[in-house]
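What follows is each chain in one-letter form.
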Amino acid sequence: MEHTPGPGGRTRAARTVRAGRLFRAWMVPGLDDDAQRERKGRLGGSLYLVADVYIALVTWQDPQAPLWQWLLVAAVALTGLTLLALPWRRLGDSALVLPTVGSAVVTTLGEGVCGALGHFQPIFALALGYAGLVLRPGRTSLLALLNLGVVGLLALTGLQRTELVEITGGILFSALIGELIAAAASVQSRQRVDLERLHAGLRPLLGAQTEHDAAQLVSEMAAHLLHADGVVTMVSDRGEPAGGGPTHLTARGGCGDGVDVTGVRVDLGAEQSGTGVVARTHQHLFVPDAQNSPLVSRTYVTRFACASILYVPILVGDRLLGVMVIWWSRRIDDLDHFTDQMVELLSIQAGPVLERVRQVEDLDRAATTDSLTGVLNRRAFEDAMAAPADDAVLLLFDLDRFKQLNDTQGHPAGDRVLRAFAAALASSVRDGLDQVCRIGGDEFAVITRGDADVALAVLGRLTTAWKHPEGVGFSAGYAVLMPGEAAEQLSARADSALYAEKKRRRERIRRPL
């Protein structure tokens with residue numbers, strides 16, 4: 001038979017739940033550093049009150065307990081209440097030393113003066129265990145030495161005569177427990193910091209707009225998380241066969257002293273390497289002794305002073321997109337399980353982001369690329385001319401006798417000439433600095449920066465590169481942006497220069513020899 005609690009039962013249950021929530025909110029106020037410090041300070045105050053109950057019970061059972069011992073009960077209670085009331089959020093982390101040092105001074109010295117220190121062995125375990133929880137490794141041992149010093153002082157003065165060996169052993173054992181707690185807490189704190197770094201790094205990574213930016217952010221995250229000296233992120237080339245996996249990887253981003261990823265490219269089938277092993281197995285590979293491993297290039301070891309190297313695959317599902325190469329200048333014999341998990345998580349996150357950015361770049365490139373010639377299209381030209389640089393230079397080109405070629409030999413011949421001219425023009429400009437655009441049927445443009453000498457240099461290289469296929473030549477005109485001039489005026493002047501050149505060329509052709 002189902003039992004339904006009455007109104008009184010529901011009220012008591014609700015009060016119990018509310019009390020539990022209030023206690024948890026009071027003892028665990030949050031996860032930030034200030035909240036953690038407040039939690040540890042409140043815990044110290046609570047432990048003082050627990051210890052005070054124990055001291056009071058021991059004192060109560062001793063009918064000959066001196067007044068000093070009851071005063072100690074009051075002092076410990078006052079200390080605990082003070083620790084609970086302190087504004088821990090406004091204090092520094094060094095304030096956490098107060099409860100630990102106070103336990104040595106107030107409890108150890110006080111009970112020793114009363115001559116009853118042997119009854120309070122659990123207090124040492126409580127105090128030094130708490131010290132291990134809130135202090136860095138090694139500090140608990142210093143606190144234990146302070147306790148031993150107090151015990152030695154009490155023994156020399158004759159205040160504590162019995163159970164000195166047991167007391168010393170209790171302090172040393174409690175210090176060992178405290179150090180173990182401190183080591184575990186230190187590892188947990190480091191892992192929490194690493195997770196926070198990972199989460200903080202994922203935000204800008206998810207917002208990356210280019211493949212280079214995404215690869216750079218992945219490299220920086222890996223270096224920070226693993227405390228590495230350098231990272232290079234290599235990505236498969238576009239157009240690689242989908243079924244057989246990539247054959248080449250090209251560096252897109254990197255970080256570390258002296259790291260330059262320009263021109264770094266790996267042929268996965270050319271030689272046995274750590275990158276090739278990871279590309280085939282899709283499993284990360286750690287090489288503790290990089291200097292003597294056949295999987296690591298001697299040039300790589302010498303250039304970056306690598307002692308240990310970790311190769312991490314960047315996967316999208318079961319497909320390899322790239323490989324991270326992470327190295328340390330100091331030797332590392334092994335990676336712990338948590339580090340393996342962090343590396344795997346970073347790899348899982350990096351793959352889809354790089355894939356998404358690549359797809360967006362491909363879509364943008366398709367929207368701004370002329371499908372016939374492969375150079376930028378009119379949309380890209382108009383976008384670039386919407387906000388030209390202060391030293392912009394515009395060159396316009398028009399093919400001579402192109403319409404006649406189309407009329408006599410057909411559009412396939414015209415298309416071949418257009419592709420050839422686009423290739424010649426692209427080879428005549430500065431890679432990464434100048435923009436080559438097809439803005440009409442047989443009309444092209446180059447947007448560059450500098451002065452008239454830059455424009456003349458482009459025309460000179462193009463004149464050498466263009467071999468007049470099908471007897472087609474070209475005319476060109478250029479203009480340099482003047483101070484205060486609008487983009488439309490720059491375009492109009494370049495257009496006027498182009499047609500002036502075409503007119504001169506026609507007149508030379510018509511002039512009799």
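Every residue gets a number counted from 1 within its own chain, in the order that chain's sequence is written. The predicted origin of the model limits local features to residues at a pLDDT of at least 70 and limits the giving and counting of side-chain atom pairs to 80 or more, whereas totals for whole chains, interfaces and linings rest on all residues. Calculation of side-chain values draws on the structure's entire complement of heavy atoms; hydrogens and water are dropped beforehand.

Looking only at helices and strands, one finds 16 helices and 10 strands in the chain. The contacts of the chain with a sequence gap of at least 6 include a subset with a gap of at least 24, amounting to 64%. Working definition of accessibility: Shrake-Rupley area with a 1.4 Å probe, residue cover restricted to the visible protein chains. With the model as given, the accessible surface of the chain reaches about 27400 Å², and the carbon-plus-sulfur share is 58%. The helix and strand labels rest on DSSP assignments: H or I over at least four residues marks a helix, E over at least two residues marks a strand, and numbering proceeds from the N terminus. Throughout, a contact is declared for two residues whenever any of their heavy atoms are within 4.5 Å.

Once that is clear, we can look at unusual backbone geometry. Backbone geometry places His282, a non-glycine residue, at a positive phi of 60°. Among the structural elements, His282 can be located in the loop between helix H9 (274–281) and strand E4 (285–287). Relative accessible area serves as the criterion here: at 24%, His282 is assigned to the partly exposed category. Positive phi, normally seen in glycine, also occurs at His468, with a value near 55°. The residue His468 is located in the loop between helix H15 (452–465) and strand E10 (473–480) in this model. Residue burial is assigned from relative accessible area. The probe radius is 1.4 Å, only protein chains are included, and a residue is buried under 20% of its type maximum, exposed over 50%, and partly exposed in between.

For the rest of this paragraph, the subject is the side chain of Thr233. Inspection of the secondary structure assignment puts Thr233 in strand E1 (residues 230–236). Setting aside residues up to four positions removed in sequence, Thr233 forms contacts with Ala215, Val218, Ser219, Thr250, Ala251, Arg252, Gly253, Ile314, Val323 and Met324.

Every case where a carboxyl oxygen of Asp or Glu lies within 4 Å of a side-chain nitrogen of Lys or Arg is listed as a salt bridge. Evaluation of the coordinates by the stated rule reveals 17 salt bridges. A salt bridge links Glu355 to Arg319, with the shortest nitrogen-to-oxygen separation between them at 2.7 Å. On the criterion of sequence distance, the pair formed by Glu355 in helix H11 (residues 337–368) and Arg319 in strand E6 (residues 319–328) is long-range, its members being 36 residues apart. A salt bridge links Arg378 to Glu382, with the shortest nitrogen-to-oxygen separation between them at 3.3 Å. Taken together, the residues Arg378 and Glu382, both in helix H12 (residues 378–386) and 4 residues apart, mark about one turn of the helix. Take Arg378: its relative accessible area is 41%, and that puts it in the partly exposed class. Glu382 sits in the partly exposed class, given a relative accessible area of 45%.

Before going further, it helps to examine the sheet that holds strand E7 (residues 392–400). As a general point, the strands of a sheet are linked pairwise by backbone hydrogen bonds and lie either parallel or antiparallel. With antiparallel pairing, the 4 strands of this open sheet are ordered in space as E8-E9-E7-E10. At either margin of the open sheet sits one strand with a lone partner, and together these are strand E8 (435–438) and E10. This sheet shows a mean twist of 20° between the axes of neighbouring strands, independent of strand direction. Where E7 meets strand E9 (residues 443–449), 7 bridges bridge the pair, whose relative direction is antiparallel. Note that in E9 the partner of Ala392 across the bridge is Arg449. Against the sheet, H12 engages E7, E8 and E9, with an angle of about 35° to E9. Each pair of strands is called paired provided DSSP finds at least two bridges between the two strands. Axes here refer to lines fitted to C-alpha atoms; in helices the fit is confined to the stretch in contact. Angles between the N-to-C directions go from 0 to 180 degrees.

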